[in-house]
Each structure stands twice: as structure tokens, then as C-alpha cells.
Amino acid sequence: MRQMQSSIPPFRLAEAGNGFWARYTELVRKTVIPYQWAALNDRVAGAQPSHAIRNFRIAAGLESGKFAGMVFQDSDVGKWIEAVAYALETRPDPALECLVDETVEILAKAQAVDGYLNTYFTLAEPGRRWSNLWECHELYCAGHLLEGAIAYYQATGKRRFLDLMCRYVDLIDRTFGTGPGQLRGYDGHEEIELALLRLFEVTGEDRHLQLARYFLEERGREPQFFHAQWEALGRRSHWTRTEVPEPKLTYWQSHLPVRQQKQAVGHAVRAVYLYTAMADLARRTHDAELAATCEALWRNVTRHQMYVTGGIGSTHSGEAFTFDHDLPNETAYAETCASVGLVFFARRMLELCPRAELADVTELALYNTVLASMSLDGQRFFYVNPLEVWPEASARNPDRQHVKAERQAWFGCACCPPNLARLLMSLGKYVCQVEGRTLFIHQYLSGTAPLPGADGARLEVETGYPHDGRIRLVLRGLAAPDFCLALRIPGWCRTFSLTRQGQRVEPAAGPDGYLRLHGPWQPDDELVLELALEAQVIEAHPQLRAGAGKVCLRRGPLVYCLEAVDNGANLSALALEVASALETRPAPELLPGAVKIIAQGWRRREQEWGDLPYRALGATAAEADPVELVAVPYHLWGNRGAAEMTVWVRRHC
């Protein structure tokens, strides 16, 4: 793989009312961030308590009490601060900034003299630091707090939180490594590696990069660190407090050294966090071998273990990958955090070498699984994102109780909502990148980005994407004459057109999937890219057993689903007539600008069956009645009450 030196220019999203994403970023700013602050402080009626802020207050000596909640609860505070930081980058909010400053002071009081900062081991098991890294998330929590501190420093220029976390990093650096007296270990949940590489970007200190490299390279080394800790703990688990079998190393991606891993295994979130850090390290150190490993892992995830919605992680047992092509619909896990991590991984792969395929996956995950995880009012969330839901089975079948028919107010394990918030508030960091004199446009969002050239030169983007395929790009100011603009042509797009100053131009997309346009440029040069948004019928590879004999619908980057609200109960009785034309209609009742797809189909007759569960094929002449099928964007499902939903539907030829 070719390795590139890239940079991410700031892309400022359009304000509310201008484009699809403006609604969501404003929702996060005005509703989600305050709501999640209330949840972190246990103020959401009827929701599971978080205990996160209270744990810090107790550790700081500001309240009395005991640690409560999950062992990794500190991380939610770090992610919330990170989301706030991205919000402050685009719009000042003194009250919100003051709230973060007050929170940082609580964290400062909770920090130990040597820099250690973890409420569980401070309150519940003092003196047992680093004793159970395979289960207890110490470095994971440290990583999320560090990422929050970095983002807050970059947004405000305030160093207080960053300095606290740098003290903690100094302690971690002294504690872990291959030197005399150091602990040769690493965390069960990858995250510190990502944070350290971001810290290196801020400080330029090589020791921060080398510590990230150490945690990556040490993983999977013999003798196995997690087995040693398991033995030292009397083979007992933190979670069960009983003796448990030897840790299954694939779950933690520690079964092999990272350079030897070619197939995605284990806990899906941990996996993509690991791969993200690997790709980032490969880029920063020009490590071709590590980059090739990342490419192999990328292909395995996206070609063999990814749902059509951009979800990953197919089983609730371990929230994990299983094996190639095993993608069940009704028991799918597809954790929100896993798709957020997939977006992280895609961005680092794009920085290694821009390819439209990588940005296509970013788009797929964002517009489908990530967005589906939050209700339209921003106050309820999915942790799990299935492709088929039968509410009665979710309530009564123990194997499906992880699948919810309605979004939840909060979770005891609440990693997903703040992860979603920090991603949505940082969307501007995923739109474009600069490589040399070329500005790559990966995602089509309304907003502005700086251009190489005279001060103030910028690119303005206006679009109704993904509901509308028209993207208008205007160059304001005097751009550098040798600057090149590269526009992604999505893999789903069959036809497109491009005009420049109103005149049709026909540049061919390169093998990387980007159209390249060159200067000389004039102020107010206007480009209009039209991507044909056609409703399409999608089928699955024959190896994907869960999709065999079925189809689903897609329009642009949006995958569609059927809900019983529109199509009646028992969606399994429906079949889509694949030879019929597909119609699109506006659906403002779902969301302004939304489009639904109307297809012709059939509904199997049930009345002749009586109470027989089975019968001989062809027992009656009339098997099915013609019906009109209504499909809605997957990211909007579940906003009209608990009801059946399915992405895949039987095909009728």
C-alpha cells in the first residue's frame, strides 16, 4: 500500500437549517449534550443511573459514599467532555465551558499525588492498580479522559485538563515497558494507543509515540500477559468473583502479535480501536508492513464481516466478530460503538492512502447504523442495531433480549451515547483531507473548508445530500493555481454529471474512485456534481446465509427497511417483486426531506392454514395477494412506537 502524508483541514458545517447534518449537530449541541450531562449526574427519571460524576466527587472528597456502576464508568465523562470540546470549536458557549472547567477541577481533586486517576481503583480496590488489566479497563479509561483533555485544549487553549492527563501519562510511561521493574502489560480494551498517538500530535514528544508503539507491539507477545494476571488473581474474575476458565485471547485481539493478525476476531469495538491505532502508527512511522496488515484487516472486516447497514460484530456473546459471512439478522449485535470505531478506522486508512472505497464505508456506517442508534428527539438510544426485530421475541426469547424494539433512555453500560455524540460533533474532521496540493472531498456535507492559496480562500459546499444528489461547490477567493480538487464518486452511484461554470465537463474517475479537477482557478468558480439517486434492489452474496433468497432496498447511501407501521404485522409473509419498478415519494412525516420507497410485492395468505403449522406445498391455488410495500430509511426506524422491522425481505421473481 502506498503511504501518504496527509493533513485534515477544518471543515465548518453549515448552521441549522442548511443541510442534512446541521439538524443532527444542532440536536447534539442543544439536546444530547445537556441530556447526557443529566444522565452522568443520575438526573434522568426512569433511566439506569450512571454514577460517573458522583464517583469522581467521592474520589475527590466532595461527597461520601462508595464506588458504583461499571468499572469503566470514568470513560463516559471523558467522551462527554470531548463532545463538548468539538461543540465549542464551532460555537462559543461560556456556560457549557464553565461546566467543563468545574468538572475538570473535580477530576483534579480526585487525582492521586503521582498522577493516577481512576475512581474504581481509588475507591473500591485501593492498592490494586494494574492487577487486572484484562478485565478492568484502567488504560481504556485513561485513554478516553486523555482524548477529552486533548480535544478541550485544542478547542479552548486551556491546559488544565491536559496537564492533569500528561501527569497521568508520565506515570503510565514509568510503569509500563521493557525496562527493569516495569510491567510488561497492556489493557484488555484498546484505547490508550489511540489517545497517545493524538497526544504525540499535540506535544511532538517522541516518548508518547513510543509508548503507543509499545502497547501495540507488546500485545499478543509470549508469554501471554493476560494468562499471567489470571493466574495471579487465583483464576478469579472481577465480574463473577468466582473461578473462571483461562482467558480466551481472541476476545482481546491478543492471540497473536498485531503484525500477524489478518482476520478480525473478538470484541468488535476493541478490534477496530486497535486497527485504528495500528493504521495511525503505520502512517506516522512510514511502516509499510504494518500498513499492509491494516489493509488485510480492513478487507476482512468490510468484505466478509460487515452488515449491509455498516454494522459490525454479529453476536451478543462477547459483542464480537464470529467468522466470515456469519451475519444473522434477528440476533445481530452491531453495537453502535463498533460502527463509530469503524469510522475511526476508515479515517486513518484514508490518511494512509485515499480511496473512495474507504470513504464509502464511512458513509455507510454514518448514515445507517450510527444515526439509527439515536431517536429523533436525541433522548433515547440503541446499543444494539439489528436488521430484524420482532418485539414479542425481544421480550420473551432469552436469545433475543439484547435486541430492543424501542430505544432506551440510558444504559448501565452507557459507552454508546457519548461515543455517538463525540463523533457527530466532530463530523467536520471526516469530510476532507489535503495531500500535497490536492484537496480530497470524502463526504458531501454542507459547509466550508479552507483552500490552499490566498488568505481567506475557501471552498463552500451546498447540498441536500443524502436525500438529494446535487452538490454545489464554489471556490471563494483566489485558490492556488496548481491546486487540485478530488471529488469522490460513491460506489453505489451508477451515473453522475459534472458542470464547471455551467459547462458540462467529463473527467473520468480515477482507479481510486475520485474525479480530479485542476486549475487555473478563478474566484467564484462553481462546480455542480449531480449523483443519480436511484432506488436499488440489493442482494447478498450466496455465502451470506441470512440474506439468501432475500433482497433489501437502498437509495444513495441510505439502506431502507420495512416496518409493520406501514406494512402490517408479520413482515415475514411479505415478498418483493424484483422485476417491478420502484417509486420514490416524499416522506416529510418521517423527517423533513426524507424519501420513502414504494415497491410492488406479495403477502402470503394465512387464513387457509387454520391452526396447522405446516402443509404440503401448493395445497391451495392462491398463495399470495398483491400488495404495495413501503420502505423507509433504516436510520429512522423505531421512531413511531414498538413494531416489527426488517431490512431483508423475501424476493419474488
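Before any of the text, the structure's been laid out above.
Residues numbered from 1 in each chain as written. Predicted model: local features only at pLDDT ≥ 70, side-chain atom pairs only at ≥ 80, totals over all residues. Heavy atoms only, no water.

Chemist: What am I meant to see in the side chain of S339 here?
Modeler: Within the secondary structure, S339 sits in helix 14 (residues 336-352). Only 2.8 Å separates the side chain of S339 from the backbone oxygen of G310, close enough to count as a polar contact. Excluding residues that lie within four positions of it along the chain, S339 makes contacts with G310, G311, I312, A365, T369 and V370. (Helix = DSSP H or I, 4+ residues; strand = E, 2+ residues; numbered from the N terminus. Polar contact = N/O pair within 3.5 Å; in protein donor to acceptor, adjacent residues only side chain to side chain. Contact = heavy atoms within 4.5 Å.)

Chemist: Help me understand the packing of helix 8 (residues 160-175) against helix 10 (residues 206-218) in this model?
Modeler: Relative orientation and spacing of two packed helices are given, respectively, by the angle between their axes and the distance between those axes. At a closest axis distance of 11 Å, the pairing of helix 8 and helix 10 adopts a crossing angle of 50°. As judged from the angle between their axes, helix 8 and helix 10 are oblique. Taken as a pair, helix 8 and helix 10 cross one another with a handedness that is left-handed. On the side of helix 8, the interface is formed by V169, D170, I172 and D173, while helix 10 contributes R207, H208, L211 and F215. Among the residues forming the contact of helix 8 with helix 10, the class breakdown is four nonpolar, one polar and three charged. (Axes fitted to C-alpha atoms, helices over the stretch in contact; angles between N-to-C directions. Parallel < 35°, antiparallel > 145°, perpendicular 65-115°, else oblique. Left-handed = near helix turned anticlockwise from the far one by under 90°. Nonpolar A, V, L, I, M, F, W, Y, C, P; charged D, E, K, R; others polar.)

Chemist: Would you mind showing me how to read the environment of C413 here?
Modeler: Examined against the element boundaries, C413 turns out to sit in the loop between helix 16 (391-396) and helix 17 (416-425). When its relative accessible area of 18% is taken as the criterion, C413 is described as buried. In the structure, C413 is positioned 344 residues away from G69 in sequence and 8.2 Å away in space, judged by C-alpha atoms. Those residues in contact with C413, other than ones at most four positions away along the chain, are M70, F72 and Y383. (Buried < 20%, exposed > 50% of the residue type's maximum accessible area, 1.4 Å probe, protein only.)

Chemist: For this particular structure, what's the right way to read the pattern of salt bridges?
Modeler: Where charged atoms from two side chains of opposite charge come close, those side chains can pair. Within the structure shown, the criterion is met by 62 salt bridges. Where R198 meets E147, a salt bridge forms, and the shortest distance between an N and an O atom there is 2.8 Å. Here E147 lies in helix 7 (residues 138-156) and R198 lies in helix 9 (residues 192-203), a separation of 51 residues in the sequence. By relative accessible area, which is 6% here, E147 ends up buried. A single network of salt bridges, built from pairs that share partners, joins E201, D280, R283, R284, R347, R348 and E351. (Salt bridge = Lys/Arg side-chain N within 4 Å of Asp/Glu carboxyl O.)

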